Structures are given as C-alpha cells and as structure tokens.
There are 4 protein chains.
Amino acid sequence: MTQQNAPQPTQPRITVWHEYRHEHENKAVSDLYPHGMHAALADGLREHGFSNVRTATLDEPEHGLTDDVLASTDVLLWWGHKAHGDVSDAVAEKVVQRVWDGMGLIVLHSGHFSKPFKRLMGTSCDLKWREANDRERLWVVDPGHPIAQGVGEYIEIEQEEMYGEHFDIPAPDELVFLSWFSGGEVFRSGCTYRRGSGKIFYFRPGHETYPTYYHAGVRQVIANAARWAAPTASAPRAFGNRQPLEALPTGERR
Amino acid sequence: MTQQNAPQPTQPRITVWHEYRHEHENKAVSDLYPHGMHAALADGLREHGFSNVRTATLDEPEHGLTDDVLASTDVLLWWGHKAHGDVSDAVAEKVVQRVWDGMGLIVLHSGHFSKPFKRLMGTSCDLKWREANDRERLWVVDPGHPIAQGVGEYIEIEQEEMYGEHFDIPAPDELVFLSWFSGGEVFRSGCTYRRGSGKIFYFRPGHETYPTYYHAGVRQVIANAARWAAPTASAPRAFGNRQPLEALPTGERR
Amino acid sequence: MTQQNAPQPTQPRITVWHEYRHEHENKAVSDLYPHGMHAALADGLREHGFSNVRTATLDEPEHGLTDDVLASTDVLLWWGHKAHGDVSDAVAEKVVQRVWDGMGLIVLHSGHFSKPFKRLMGTSCDLKWREANDRERLWVVDPGHPIAQGVGEYIEIEQEEMYGEHFDIPAPDELVFLSWFSGGEVFRSGCTYRRGSGKIFYFRPGHETYPTYYHAGVRQVIANAARWAAPTASAPRAFGNRQPLEALPTGERR
Amino acid sequence: MTQQNAPQPTQPRITVWHEYRHEHENKAVSDLYPHGMHAALADGLREHGFSNVRTATLDEPEHGLTDDVLASTDVLLWWGHKAHGDVSDAVAEKVVQRVWDGMGLIVLHSGHFSKPFKRLMGTSCDLKWREANDRERLWVVDPGHPIAQGVGEYIEIEQEEMYGEHFDIPAPDELVFLSWFSGGEVFRSGCTYRRGSGKIFYFRPGHETYPTYYHAGVRQVIANAARWAAPTASAPRAFGNRQPLEALPTGERR
C-alpha cells in the first residue's frame, strides 16, 4: 500500500480545553466532576481507545494553549461558559488559525458563545435557553454520517439545560443531530462545518450541573467526532502572486 | 392582497461604499473613473432602474457610514483594496451587525480582504492573483438563479486582473458564476451566503485599472444582486431565557 | 427600469393538484373538506391575494395535468397519499420536466411518497409516522427566509399525524422549519431544493383527518412558498456540442 | 480500542463496472486500452494498494452485477457512454438501492448520463461537450478534502474531451475540482453527493480515445475517492409506524 492511501493515524493527538471555573465555585458541579469536566471528557475519549489525550484549562499560562501545545494538537475540544471574555484574543486567534491549517475543533454546549467559535462562524451564535431539567432526545437525522455511528436512532438524556431555535449560525455543512426537548423546543444539536482545512463539530449537550459527560451515547458521539475531525493529508493551500500557465493573449488582440 | 404578500419594495435604498484612494494617486484610474469607481457603480444601478442610490467613501467622517446611513441602507456595496486597514474596527463591526439584521451586502473584487467580509466568512479569504491583462470569462453555473438573469451563458471581460483558486472561503451557499482566465486558472467568482437575516453576494470582477464597471454584463449582475440582496420581511429573531411551552416532566419521574 | 429588473409577476398561475380520493371514502374527511382539500388549499391562496388559482385532480383525464395546463402553471401544489401508484409515469415525468424548466413545486405532507417528489430527490423519501393526535409545533430555524415571514417564532397545530426522523431525503438546500411532536419526535418539516431551474418546497403538515389547511399559519406558509417558488427570469440553459471560444493549442505542442 | 472506533476496513471490495463496447469497435480505443478501460482502472487501484478489486461489464449476464456481486461490493466505479440504454432498468435500480444502503459509487466521465447517476440526481445531467483535443487543468478548490490529497494544486491533462457548464446537476454537497479548458470553458469536475447512507463522487476525466486512466494524478484521485466512498459503520435507518416515546396529551385537552 502506498503512503498516500495509509489510513489516518489511529491516535490523533487530542487536547481537551476547559474553562474549569464552575467546579471551583459550585459544589454541585464539583460533586459531579470532582476532577473537572475536562477529566471526564478525557476519560471518555480514553475509554474509546484514544491514548493521546491531554487537557488544558483557562487559568494556566496562555490558557494552557501555548504554540507548542497547539502545534501538536490534532483535535481540540472546547468547553467554556461563564468566562468567555477571559480568553485572550491572541489565543483565540491562534486557535482559529490552527483550524484553518487543519486542526479539528469540537465545540461543546455553551462553547457556542466562545471566541473561537463565534470568530469561525461569523454570526452571533445566539439561541434560546432554559435551566429546568428538561428531557432531551437527540435524533439522528444523518444515519450515514460517521459521527452518528453506534448510537442507535436517538440519544436520550434524562435531564439537561434546554437550547432552542432560532440558533443563529450559518447553515451547517452537515446536520447530524436534532434535539427534542420536553418543554416544546427543538435545536440543531450536531452540526459540522469546514473552515480552511479544518473540520469543526458543534455538539449541544453538556450543562455543568448534569452528569452528561458520563452518558455512554454522548461519549460515543464525542469519540466519533474526534476521529472524524482529525486532519487528513490534503492538497497544498497556496496563495499569492502567480505567473500564467498558458501564453497570454498578446496586447494587439485588444 | 394582504400586506404579507406584497412584493418587496421596488426601490431598495442602496449605499455604494468605496475606498476612493486609487483615483487620487494613479492617473490611469482617475482617467477611467473621473468621478471615482463609486460614481460608476452608482450610475450602473441607476441605469437599471434603482433611484435610491447614494455613495460613501473611506475618508469621510466615520467613513460615510454613520448609524443613520447604515440604518437607512437596504443594500451596501463594498469596494476596497489598498486601505482595508484604515477602516475602523467599529465601523466594520456595525456593518456586520447590520448584515445580521437583514441588510444586503455586495462585496466586489478586492473587497475579499475587507474587514466586514473576512469577519462574516470566518476564513482567511486569501487567493492567487496576477495583473497581466488576462481575459476573463464568467460562466453561469446556476442559470435559474435571479442574479444570473439577462447575461446569457457567460460574461466576457477582455482584460482583467486574474484571481485564482484556491479561494479560502466557506463553501458558498450558492455558486452562481465560475471564471475562466486566459492564463490557465479558474475562480468561484459569484458566491452567495446568508448570515443572520442578511444576504451576501461576492462578485469578483473590478480591478481599478480596467473599465470593468462600465461593462454591460457586469452592471447587469450587480443590479440583479442588489435586487436579490434587498431584505424581505422575515420571522422575528428572538433569543434568551424562555419558559416551557409544555408541562415539564415532574421530578418524581427521574 | 429595464425589463430585466421588473419584479416577478405578482400573480403566478397556480395549480393545486389533489388526489381527491379520501373525501369520497371517509366521511370524516369530507366533513372537514366538503369541497375537497384542493378547494381549501385554493381558498387559502386566494385569501392571500393570489387570483390565478385553479385545481386538478387524479381522476380527471390525464389527472387534470394536460400539456396545456402544465405549460401554463407557474407553481404546482401536490397532495397525494393512498393512490400514488395510480399517477401515470408519463404525467409524473412531465411534472418533473416542467420543474427542470422552472415551474415551482410545493409538495405537501404525504406527497413525500409521490412519484414526482421521489423522482426529483433520488432517495426513498421514507420516514416514521403515527396517527395519534400528536401536537405539532413547527419552529422557524431560518427567520430570514421569505417562506417564514409572518408566522412568528413557530406554528402550533393542536392535532396532527406525526412524521419522524430519519427522513430519507438529500440534505435540503435550505431548512426553514423543524417540527416538534408531543410524542417525542422531530422532523425537518420545511425544506427547499432547486432542480434545474425549478424551486421545490416540501411542507409537512396536512393529514386528511385534521383541519390543517384552514390553519392561518399553515396557509401563510403555503402562500409564502407559492410566491417564493414562482419562476424568475433566468439565464438560458444550453447544452450540446460546442465550438471553442479560444484558439486551441496546435498539435505540435503535444 | 472499542470496535466502534476501529478504522474502516483498509481493503474495501471494489467493483469496476465498464460498458466495454468502444474497445470492440474502435481500434484507437483498443490500442490505448488493450484489456479494456476497466482493466486500466483496476490496475490503477491496485497500484494504490487496493487488493480487492474486480471488474464487471455490460455484456455479461445481468451486466456482471448480480445480487451477490452488488451485495459484496463496497465501492462501485461506473464508466458508460454509448450504451446507457442497454443497461436494464432492474439492474440500474439495484445499484441505486445499494447506494442508499451505503455502497459508494464513483461515476466517471460520460457516466453522467448513466441510468444510476441520473436516477440518484433527479436532474437531466446534461452539459456542453467537444472532442477537439482540449487541454484540461483540474484545479483543487477544496484542498482539505481527502479526495484531493497528493495531487498538488492542480492536475493537468494534455488532451481530453471538453465538458462545459452549465452542468445540470443538483448543487453538489462538496465541490472538490473545477476544470479549466483551453477552448475557454469551465466545469465542476469533481463533485460529491450523499444519498441515503451512500457516498457518490462524480469525476469528469476519461474520454475513451485518450490515455487518461494511465495519468498518475487521475489515478490518485480515483484511489482517494475509493477510500472516501467506502461505507462507514452508521446508525440504523429505520422507518414506519411508531409508538410514542412520551405520554401524549389526553383527549380532554383538545
């Protein structure tokens, strides 16, 4: 088999980025996630066979996303909620540029309002919401999509925050999941985008006061998405001034 | 006929925004466009029956795009090239927000690198280019699209700057024109996007050293695009905290 | 104003096609729709200002869709359910070809399994369903879309048949409505497509045993869709053998 | 690693289907492809590491596409030109249904007019054409796409038949290549679609009188496409009558 057809590396280098503030301020959250939501997310990925998983958090220097870390990250997960404004513009911009260069980005739940996601979407990313223990059922609308494999016809989450339409995003390149909420709303809860050479997946569930990131179906989807978002070998992205490839018409022709 | 089905206003309020710097520094440009490229663009629109057309330029206060002007603009045309950096971030952001609220935006030629366009796309918007008097032929690939009406199977421009792929944009919602260049390149030269309630059209031709904005086919397309991009009545965009519409499951159920 | 920029005719010629069998076999249906569902649909359009509306039904000669009728139809509505197989292949194919030539097509409810829709989609168009008096709430997910104007944030229908995902259609060009059902399902209930020069809108509601086509919001959407789907002037669709537009490389070059 | 995250089988079972008529009637073709174009295509795939490649041709019983062959095919390549009408409707329909069930389909060149492709597209699939030894240059417009890997910024083919826009297809889900032709035309020459659970790639080059299927870049793309189109594990496609998942509103509510 030639090198060109080698399957993508089976072990993408994954970095789970987490705001990691709620756990320090809300006992309900730290009871659910004693080592932080990032630890639960990383465990879920390891459970699905990913061995190259590390974490980074907001209050580390450079938010844990140094140039070295970003350069060696194939897929970045992003969870933030109450401190989007504390993420430096410089780091947010580096994340965006790494996506353009091919890094996968999985944006979770309240990350819809994060700087990198809003910057990549070019829209407000606003939505409706309610914290009232709604039941959520995520229906697979694209059963042939690799992100949907292994979860059956739907994922049911007993209690979650509600997010409702209208969700102000560009029309997704692919719509994988639609959520039903017991309070009467719907939401486009699994959306893919490509920007530059990078793949982006937005996945709705994961409010901090629920044990969502221990849910088997949710873990399955995030693992599928990490595999899907990993960079593939690609054609060069080349820009700038160029000589013609064909003889141009002579001036006389005009 | 009920109000809801009234056709859109036949006279959208159009503002042609122009950098207006080349004309002051390059005699070749001011010879071609003695009153500025914005004047030629506005004339082209008036020729096609638009009577509510005004212009605004970079070196006016607030770049001519005050809150009043933006609030009373249905469709904004944007041409910039050498001074993208001189556009204030504040004005660029106001333009973006007006697009989200429904204002149409027609981005011309080198405007691919303008602040509003890059902000709305979320990509680098980079491309290949050459100033060598290439012949350009813009083929209609979507003949049913209203922006393509009246131009036949293609538009031919005797001499233009070349823009070549890869053009680093999100996949367009609709691809209306593809350009062929005599030097051997191709380009997605007519692309539509929707962001929020606003419609965006990127149209490639219009280098400042060519009489492109006097070309009948080019003027036809820009007029078509202005009509297409004008806001239509729409459903409300509503966000934020919401009460449930259905009785939620009782706590006991859990 | 040049002719090219004239607004589309304010009075598209609309034909409402109806299977019209349930009304003859089920008193519950004929009680709801004493003149047939087609009459109620036509009334709804007239109520919204369309004055050029006629109907055609399955059991007329050529199903009421003669060459003359099709040639003089700008927008065709299609409702069928139990007798899809009784529609002749020849008539179905003529409908498809008229869509390619620019006729708008609005496919209602159980028309998802009609010959013209399946032929235009290239998929099975299958789905889940239940007749159990579910409540349906159609959320607007694309508030800037002209088909959504005038209906608020959602349309609520007290009782309807349920249609659930997975709906086996190509990813829609635009997704305008998503349905929530009280029994726990969701559905992509307002989808646009373009095929050839024609515009297609699939709209879910309208089971024959409910008064859905008297519902103000449903009538508003169908009227919006009729306006949206009406043909616009367009570029020519031209195919076949062609002479080169540029001098071809000489044989010596090879 | 759990089974769900296992990479797709590295050896998809590929069937190259070929009309195989030109070789028997035109010495120029049989000189170029002494064992048939299908043999050259199969060789190209084997060169890229695919070991499970077989061929089937029109004049075999059931066109070589028996139920057993189709059931054991992960990716089907299709080349036809002068005998589309000789393909039985029954076999064409079986191909379509296998695509819906997940089989990948790669449609080559004049296969744009084949029964399975037209059936899956729902459009006429017509185009412009010329046999005049045009030079073709296929530009990568989506460098992050796996089908584009390994081919640089473009593929150049010294002599080919010209296909020109307008190409009457649904807007592709992804546009990977655009062709430039020396005679002045352009063409969307690498297009992906998904129908049901199956992936479809249309790839333009390959007129029978040119050695196109020996071209290294063309072989690379076809190999990339075979890998991309191979089925992945997916969620179940389930349809039909369903019981509610939630307690329905009681009749009193009405």
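Being a predicted model, the structure only gives us computed values, none of them experimental.

If you tally the helices and strands in chain A, you get 7 helices and 10 strands. By principal-axis analysis of the C-alpha atoms, chain A measures approximately 75 × 45 × 40 Å. Scored against the burial criterion, the 254 residues of chain A give a buried share of 64%. Residue pairs in contact within chain A that sit at least 24 positions apart in sequence constitute 72% of those at least 6 positions apart.

Below, the discussion takes up the packing of aromatic side chains. Residues and elements named next belong to chain A. Evaluated as defined, the whole model comprises 38 aromatic pairs over all chains. Consider the rings of W17 and W78, whose centres lie 4.0 Å apart with planes at 15°: the pair is stacked. Note that W17 is positioned in strand β1 (residues 14–18) and W78 in strand β3 (residues 75–79), a separation of 61 residues in sequence. The exposure class assigned to W78 is buried, which follows from its relative accessible area of 2%. Pairwise contacts between aromatic rings join F117, Y163, F167, F187 and Y202 into one cluster. The ring of W180 carries the charged tip of R137 above its face, separated from the ring centre by 4.9 Å. Note that R204 overlies the ring of Y163, its terminal NZ or CZ placed 4.9 Å from the centroid.

Next up on the list: the relation of the copies chain A and chain B. After a rotation of 180° and a shift along the axis of 0.0 Å, chain A superposes on chain B with an RMSD of 0.0 Å. Seen this way, the second copy is the image of the first under a two-fold rotation axis. Identified as the residue of chain A closest to the rotation axis by C-alpha distance is G122(A), at 2.7 Å. When you check the interface residues of chain A against chain B, 100% turn up at the interface there too, and the contact is symmetric in its surfaces.

This part takes up the UniProt feature "domain: ThuA-like" (unreviewed entry) in chain A. UniProt records the feature "domain: ThuA-like" (unreviewed entry) at residues 13–229 of chain A, using the numbering of this structure. Along residues 13–229 of chain A the backbone is 27% helical and 31% strand, and the end-to-end C-alpha distance reaches 11 Å.

On to the interface of chain C and chain B. Contacts between chain C and chain B engage 43 residues on the former and 43 residues on the latter. Counting the surface lost from both chain C and chain B, the interface buries some 3,600 Å², and carbon and sulfur atoms represent 49% of this. Joining chain C to chain B, the criterion identifies 10 salt bridges. Here D142(B) ties to R194(C) by a salt bridge, and the two come within 2.7 Å at their closest N and O atoms. Taken together, the links from chain C to chain B amount to 10 residue pairs in polar contact (both at pLDDT 80 or more).

Here we come to the relation of the copies chain C and chain B. Both copies of the chain are related through a single rotation about an axis accompanied by a shift along the same axis. Expressed as a screw transformation, the operator carrying chain C onto chain B has a rotation angle of 180° and an axial translation of 0.0 Å, and the superposed copies differ by an RMSD of 0.0 Å. The residues that chain C uses at the interface reappear at the interface of chain B in 98% of cases, marking a shared surface.

Okay, unusual backbone geometry next. Between E165(B) and H166(B) the backbone carries a cis peptide bond, its omega angle lying at 10°. Phi angles above zero are rare outside glycine, and H63(A) is one such case at about 55°. Its place among the elements puts H63(A) in the loop between β2 (53–57) and α4 (67–71). With relative accessibility at 10%, the residue H63(A) sits in the buried group. Phi at Y20(C) is positive, roughly 55°, even though this residue is not glycine. Looking at the element boundaries, Y20(C) is found in the loop between β1 (14–18) and α1 (22–25).

Residues and elements named next belong to chain A. Within the structure shown, the criterion is met by 0 disulfides over all chains. Free cysteine: C191, not disulfide-bonded; nearest cysteine sulfur from C125 at 10 Å. Residue C191 is classed as buried on the basis of its relative accessible area of 0%.

Moving on: the pairing of strand β7 (residues 174–181) of chain A. Residue and element names in this part refer to chain A. Among the 8 residues of β7, 8 are classified as buried, and the element is accordingly described as predominantly covered. Note that strand β5 (residues 128–140) and β7 share 5 bridges and pair antiparallel. For V140, the partnering residue across the bridge sits in β7 and is F177. Sheet topology note: the β7/strand β8 (residues 186–195) ladder contains 6 bridges and is antiparallel. When the sheet's bridge partners are listed, E174 is paired in β8 with T192. Counted between consecutive antiparallel strands, the loop separating β7 from β8 contains 4 residues, among which G184 sits at a positive phi close to 110°.

Moving on, we get to the pairing of β5(A). Here 8 bridges tie β5(A) to strand β6 (residues 154–164) of chain A, and the two strands are oriented antiparallel to one another. Bridging across to β6(A), E136(A) finds its partner in I157(A). The pairing of β5(A) with strand β10 (residues 240–241) of chain B spans 2 bridges and is classified as parallel. By the bridge assignment, K128(A) is partnered in β10(B) with G240(B).

Okay, the interface of chain A and chain B next. In this complex, chain A contributes 44 residues to the contact, which on the side of chain B involves 44 residues. Taking both sides of the interface into account, the surface hidden between chain A and chain B amounts to around 3,800 Å²; carbon and sulfur atoms contribute 53%. Taken together, the links from chain A to chain B amount to 2 salt bridges. In this structure, D168(A) engages R237(B) in a salt bridge whose closest nitrogen and oxygen atoms are separated by 3.2 Å. On the surface where chain A and chain B come into contact, there are 22 residue pairs in polar contact (both at pLDDT 80 or more). Elements represented by at least two residues in the side of chain A that touches chain B include exactly α6 (115–121), β5, β6 and β10 (240–241) of chain A. Of all the elements, β5(A) adds the most residues to the side of chain A that touches chain B, at 6 residues. For the side of chain A that touches chain B, the class distribution of residues is 16 nonpolar, 12 polar and 16 charged.

A word on helix α3 (residues 37–47) of chain B. All names here are of chain B. Among all positions of α3, only M37, H38, A40, L41, A42, G44 and L45 are buried. Buried positions along α3 lie against β1 (14–18), α1 (22–25), β2 (53–57), β3 (75–79), β4 (104–108) and α7 (216–229). Where α3 ends, the next residue or the one after it, G49, has phi of about 95°, a positive value.

So, how was this worked out
Residues numbered from 1 in each chain as written. Chains lettered and ligands numbered in written order. Predicted model: local features only at pLDDT ≥ 70, side-chain atom pairs only at ≥ 80, totals over all residues. Heavy atoms only, no water. Helix = DSSP H or I, 4+ residues; strand = E, 2+ residues; numbered from the N terminus. Buried < 20%, exposed > 50% of the residue type's maximum accessible area, 1.4 Å probe, protein only. Contact = heavy atoms within 4.5 Å. Phe/Tyr/Trp six-rings, centres within 6.5 Å; stacked < 30°, edge-to-face > 60°. Lys NZ or Arg CZ within 6 Å of the ring centre and 35° of its normal. Least-squares fit on C-alpha atoms with pLDDT ≥ 70 in both. UniProt positions renumbered as here; feature names shortened; annotations may be inferred. Buried area = accessible area lost by both parts, 1.4 Å probe. Salt bridge = Lys/Arg side-chain N within 4 Å of Asp/Glu carboxyl O. Polar contact = N/O pair within 3.5 Å; in protein donor to acceptor, adjacent residues only side chain to side chain. Disulfide = S-S within 2.5 Å. Pairing = 2+ DSSP bridges. Nonpolar A, V, L, I, M, F, W, Y, C, P; charged D, E, K, R; others polar.

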